[in-house]
Amino acid sequence: MSTPNPWEQALSQWQTTQDAVVQQWTQWMSGVVPKAPAACMPLSPMMGGMPHVFAQDPMAQLLQTVSGQNVALDQAQVMDIQKNYVAELTDLWRQGGQTPLPKDRRFADAAWVSNPISHYAAALYLLNAKTVTALAEAVQGDEKTKNRVRFAVQQWVDASAPSNFLALNAEAQKKALETQGESLTKGLQNLMHDLQQGHLSMTDESAFEVGKNVATSEGAVVYENPLFQLIEYKPLTEKVYERPFLMVPPCINKFYILDLQPDNSLIRYAVAQGHRTFVVSWRNPDESCAQMTWDNYIEDAVIQAMDEVLAITGAKDLNALGFCVGGTMLGTALAVLAARGRKVVNSATFLTTLLDFKDTGVLDVFIDENFVKFREMQFANGGLLPGRDLATTFSFLRPNDLVWNYVVSNYLKGDAPPPFDLLYWNSDSTNLPGHYYAWYLRNTYLENRLVQPGAATVCGEAIDLSKVTLPVYLYASREDHIVPLEGAYASTQVLPGPKRFVVGASGHIAGVINPASKNKRNYWVNDSDAFPAQAQDWMDGATDMPGSWWNDWSAWLAEQGGKQKAAPKSYGDRTHKAIEPAPGRYVKAKAA
């Protein structure tokens, strides 16, 4: 009789334990924790655990089940991983589960050390997680397959942590004893509350009200149509630049990420620098918008907003800013205007924006022909993509921070989520018209048509970004997981006009919302006029600057503003009367 392989025995035992706990967890949590996006459904903790089969090439079968991808492994790497695993597992057994835990905030509480069972569960989990992650790195294949396996394995590993389960979470058990069960009662109340509201609470949403303690910059709605409201903000200076300034935020979020609080509001900062500032506030689409297309958003929103700003101010051109998808739409609108010979935009700022979609980071794992075709069929006759679907996708890009952290805190420990304006905004989701969404997927993420001259037609015009020759300011966040640094930098190779590229510290949101007054973090500039093909080559020659990139951008934008003149005393003009105070009613509409 052959000797049992401890490698297979240990992983099989881990799998069996996880399967049993996951089944109990699924019954309790159904309907609260959002399902993982379709691209990672095979790995979802609610979809089952590892296979109970360790036969021919067992590790490849394990990864195939977890990721849903057909995989082959580098056997030399597998042998090394197996050797290291058995050695570390033997050490764990010899020490009776008392080996020091690696630094991990999930297991930082002293209760994990004082409880032998939980300590062993955490140590074994971390070892198994490290091993499965290493196996994912041993996958052979194209880069997209490797990335999908990495992403799927990471999702499964994060979901399987013993900290996520009451039966194994020593800290939650300790709190239950100390509070005589009150924490469990409160956890159940939190769970019931989230079941009623239909999503996981990240913050105390009752603590915020749009227009009252978020989005409070003073202004007025001066134009509206079925897609957007145009807000003009009250000047904070006696004089303003002659060129007005239009901000185009992403339509997949509410605009007030740019106006959370007075001390971190990019909108208020622009106004304080002397710019007559206008902002597009997108409508949260309902059934009346179910047939809206990408063309509608470009022609009837972005370009329309420009025309209204010019009509109100009497200026011949303006400066514009686009953030994230808003930047992609701004770039598309500029290409449409260039094709028509209209020069109504003097300069453009692109914040964490993709124009060239060859490097889209982790989001690429979701995109292939089958996925896009499915969405095109789903929305062939129009309809809406629910905002909660988009929110779920983005949450699972960082599941430990944006999903399991709150599961543990809210339900297992019974803690009330503290008020946090950024997380309130993050939970305030928006729908998208299906036609818009399907066009966006195919023409950007899948086929990258915007950077292929003439490959995409928008508003009846062939898109050619090489004809967009105006000065541009391009900002990227160094740790951005939605618009990677390399993806944002690629715009330097597409836009032929004068360019300034700047990199800020932190991620997609925190990097952008880094107010100058707080003098935090840092940013990188490179005063060379050369833009090499690779972002890393640019970074190698960059200078690390302390503080916020806002100051650098403000100096650049001031040069684009033109002469200064007396600030207006009222909103709009004779044909654009104030409709209602900022932030308007569109931004207050909740996704159904």
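Residues numbered from 1 in each chain as written. Predicted model: local features only at pLDDT ≥ 70, side-chain atom pairs only at ≥ 80, totals over all residues. Heavy atoms only, no water.

J.: Just checking my understanding: could you explain the pattern of salt bridges for this structure?
T.: Side chains that carry opposite charge are capable of pairing whenever their charged atoms lie near each other. This structure, assessed with the given rule, holds 29 salt bridges. Here Arg283 and Asp286 are joined by a salt bridge, their closest N and O atoms 3.3 Å apart. According to the relative accessible area criterion, Arg283 is partly exposed, its value standing at 22%. You can call Asp286 partly exposed: its relative accessible area is 33%. Close ionic contact of Arg340 with Glu299 constitutes a salt bridge, the shortest N to O distance being 2.6 Å. Of this pair, Arg340 sits in helix H11 (residues 325–340) while Glu299 sits in helix H10 (residues 294–313); the two residues are 41 residues apart in sequence, bridging distant segments of the chain. When salt bridges with common partners are traced through the structure, they connect Glu369, Glu376, Arg442, Glu447 and Arg449 into a single cluster. (Salt bridge = Lys/Arg side-chain N within 4 Å of Asp/Glu carboxyl O. Buried < 20%, exposed > 50% of the residue type's maximum accessible area, 1.4 Å probe, protein only. Helix = DSSP H or I, 4+ residues; strand = E, 2+ residues; numbered from the N terminus.)

J.: Before we go on, may I ask you to explain the pairing of strand S3 (residues 219–224) in this structure?
T.: A regular strand places its side chains so that they alternate between the two faces of the sheet. Buried residues dominate S3, accounting for five of its six residues. Strand direction decides the pairing type here: S3 and strand S4 (residues 228–233), joined by five bridges, are antiparallel. Within the sheet, the bridge partner assigned to Ala220 lies in S4 and is Glu232. Between S3 and the antiparallel strand that follows it, S4, lie three residues. Two elements, S3 and strand S19 (residues 580–581), share two bridges in a ladder whose sense is antiparallel. Counted as the bridge partner of Ala220 is Pro581 from S19. (Pairing = 2+ DSSP bridges.)

J.: Looking at this structure, how should I read the packing of aromatic side chains?
T.: To describe a pair of aromatic rings, you give the distance between the ring centres and the angle between the ring planes. Inspection of every chain in the model, using the stated rule, returns 24 aromatic pairs. Seen from their ring centres, Phe107 and Tyr125 are 6.0 Å apart, and the 65° between their planes marks the pair as edge-to-face. With Phe107 in the loop between helix H3 (75–94) and helix H4 (111–114) and Tyr125 in helix H5 (residues 116–137), the pair connects residues that are 18 residues apart, well separated along the chain. Classification of Phe107 as buried rests on a relative accessible area of 4%. Consider the rings of Phe208 and Tyr424, whose centres lie 5.2 Å apart with planes at 35°: the pair is tilted. Here Phe208, found in the loop between helix H8 (182–197) and S3, pairs with Tyr424, found in helix H15 (residues 421–427); they are 216 residues apart in sequence, far enough to count as distant. Taking relative accessible area as the criterion, Phe208 reaches 14% and is therefore assigned buried. Three or more aromatic residues joined by ring pairs make a cluster, and in this case those are Trp282, Trp294, Tyr297, Phe357, Tyr436, Trp439, Tyr440 and Tyr445. (Phe/Tyr/Trp six-rings, centres within 6.5 Å; stacked < 30°, edge-to-face > 60°.)

J.: Which parts of the structure should I look at to understand a nonpolar patch on the surface?
T.: Residues Leu188, Met192 and Leu195 make up a contiguous nonpolar surface patch of roughly 250 Å² in combined accessible area. Relative to the helices and strands, Met192 is located in helix H8. (Patch = residues over 30% accessible without salt bridge, like charges linked within 9 Å, V, L, I, M, F, W, Y side chains within 5 Å. Areas by Shrake-Rupley, 256 points an atom, 1.4 Å probe, with all protein chains shown as cover.)

J.: When you look at the sheet that holds S4 in this model, what are you seeing that I'm missing?
T.: The strand order S17-S16-S15-S14-S9-S8-S6-S7-S4-S3-S19 describes an open sheet built from 11 strands, whose pairing is mixed. Bordering the open sheet on either side are strand S17 (543–546) and S19, each of which pairs with just one other strand. Of the pairings in the sheet, the one linking strand S15 (residues 499–504) to strand S16 (residues 522–525) comprises two bridges and is antiparallel in character. Counterpart to Val503 in the pairing with S16 is Trp524. In the packing of H11 onto the sheet, the strands contacted are strand S6 (245–248), strand S7 (277–282), strand S8 (318–323) and strand S9 (345–351), and the crossing angle to S9 comes to about 155°. (Contact = heavy atoms within 4.5 Å. Axes fitted to C-alpha atoms, helices over the stretch in contact; angles between N-to-C directions.)

Worth remembering: the numbers are spatial, not functional.
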